[in-house]
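Now for the letters of each chain:
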Amino acid sequence: MKLSVAPAQRFAKMRAHTATHLLHAELARIFPDTKQAWSLVDSDLLRFDFYADRLLTQEEIAKVEKRVNQIIYMSCDVKIEEMKIEDAWKLWAKMFFEEKYWDVVRVVQVFNRELPEEMKQDDNEEYFSSRWEKLSIELCWGTHVSNTKDIWAFTIISQEAVASGIKRLTALTWPRVIEKINDYSWLLSNLTNLLEVKSYSQLPEKAQKLLKDYWELKSQVESLETKAINSFLESWEKKNNNDFDVIMKVPVDMNFKTLCNQAKTIFVDKNVLLATENWNFILFTKNGNSAKALAQKLGLKWWGNDQQIQGRDTNVVGLL
Ligand SMILES: [Zn+2]
C-alpha cells in the first residue's frame, strides 16, 4: 500500500515549516539565547513557542516580518542533507530541546544568494557577516520548500505569553496571508461605513471622539439622574404610618442603586421604606431600631444588616 498525502496540503505545510525556520532565525537575532519550546506546523499556519523574558515590540514584529519576507523575495535555496552529528556541529546547527539526536542528522539550511544593501547595513552587521551565506540552519526531519520564494508571503498575526518565560507567535503564509488581508479589508470597510468616516485612517480619531462623547454623556446622564432622584426623594410627605417616617412608591424606571445611595444621605435618622411596584424594596431604620425586626414583623423576605436591608417581595406592594 502506498501512502499518499494531498499535494496541496503538503505544500501548504512545507511553506509554513520553512517559514518557521526563518522566523526562528530572526527571533534568535533579537533574543540570542532563545530556544524553541514548541512548534506547530499546519497548512499555511504556524505557531512558534520560544523562550523569552519579554514580548516583542510592535517595531520588532514589523522588522521580523519584513526580514522573513525579504528572504522570501530573495529566492534563497533550501538545502537539505543528511550528515554525521559532528559535521552538523561544525555547521553550527541549532540543537533543539534536550533531545538526543541520532548519529546521523538531517540538516536544513537556507542559503542567501544575494543580500540586499539595506540588510547589509543593518545595525546587527556582525550577524550577517558571520552567517552571510546561511540565513537559517537547523536539524529537522520535516518537509520543506526547496526555495524560499515558494513561501510567497509571511505575516505574524498574533503574539501572546503562554507560560512563564515562554512567548508564542502565530503566523501565516500564502494564501492565508491574502485571506487575512481580505478579512481586515472587509472589517475596515465595514467600520468605515459604520462610523461614517471617509477613510479607514480616520477610524482611530473617530473612535476616540465617540468614546469621549460617550463618557461625557454618561456622566451628564448620571448627574441628571441623581438630580431627578433627589427631587423625587425630597418630595416625600409624612404619612400616617406607625412603622415608617418615610414610605415612598418609587417609579420602576428609576435607577434603584442611585436611589438607595441618595436616600441614605437625604433621610438621616428616619425609618424609611422605598419600594417599586415590581416588588423591589429598601428598608432602613434610625438608630436604635432594627431593620431586620421590622421586616420580620411586616413579613418581608430580605438580606442585609440590622440597619439596612433590601429585597424583593410581593408583600411590599400592600404596604405602599
Ligand atoms: Zn523544522
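Source: prediction; values computed, not measured.

Participant: Teacher, can you tell me more about the coordination of the zinc ion here?
Facilitator: Tetrahedral coordination by four donors sets the ideal angle at the metal to 109.5 degrees; octahedral coordination by six donors sets it to 90 or 180 degrees. Around the zinc ion, the protein contributes the donor atoms His17 (NE2), His21 (NE2) and Cys140 (SG), at 2.1 to 2.3 Å from the metal centre. One chain supplies every donor to the zinc ion, and in sequence these donors are spaced H-x3-H-x118-C. Linking His21 in helix α1 (residues 7-30) with Cys140 in the loop between β5 (134-139) and β6 (154-163), this pair joins segments that are 119 residues apart in sequence. Given the relative accessible area of 10%, Cys140 is considered buried.

Participant: What exactly am I supposed to notice about helix α8 (residues 256-266) here?
Facilitator: Since the α-helix advances by 3.6 residues per turn, residues separated by three or four positions end up pointing in the same direction. Of the residues making up α8, those classed as buried are Phe256, Thr258, Leu259, Cys260, Gln262 and Ala263. The inward-facing, buried residues of α8 contact α7 (203-234), β8 (246-250), β9 (272-276) and β10 (280-284). Backbone nitrogen of Lys257 and a side-chain oxygen of the N-cap are separated by 3.1 Å at the start of α8; the cap is Asn255.

Participant: What is the right way to read the sheet that holds strand β2 (residues 45-51) from this model?
Facilitator: The pairing of strands in a sheet comes from backbone hydrogen bonds and takes either a parallel or an antiparallel form. On the basis of which strands lie adjacent, the open sheet formed by 4 strands has the order β1-β2-β7-β6 and antiparallel pairing. Of all the strands in the sheet, the pair left with one neighbour each is β1 (36-42) and β6. The average angle at which neighbouring strand axes cross in this sheet is 15°, direction not considered. Pairing of β6 with strand β7 (residues 166-173), which is carried by 8 bridges, proceeds in the antiparallel orientation. Bridging from a neighbouring strand, Ala163 pairs with Ile166 of β7. Sheet contacts for α1: β1, β2, β6 and β7; angle to β2, the most-contacted strand, approximately 25°.

What counts as what
Residues numbered from 1 in each chain as written. Predicted model: local features only at pLDDT ≥ 70, side-chain atom pairs only at ≥ 80, totals over all residues. Heavy atoms only, no water. Donors = N, O, S within 2.8 Å, 3.2 Å for Na, K, Ca; no water. Helix = DSSP H or I, 4+ residues; strand = E, 2+ residues; numbered from the N terminus. Buried < 20%, exposed > 50% of the residue type's maximum accessible area, 1.4 Å probe, protein only. Contact = heavy atoms within 4.5 Å. Polar contact = N/O pair within 3.5 Å; in protein donor to acceptor, adjacent residues only side chain to side chain. Pairing = 2+ DSSP bridges. Axes fitted to C-alpha atoms, helices over the stretch in contact; angles between N-to-C directions.

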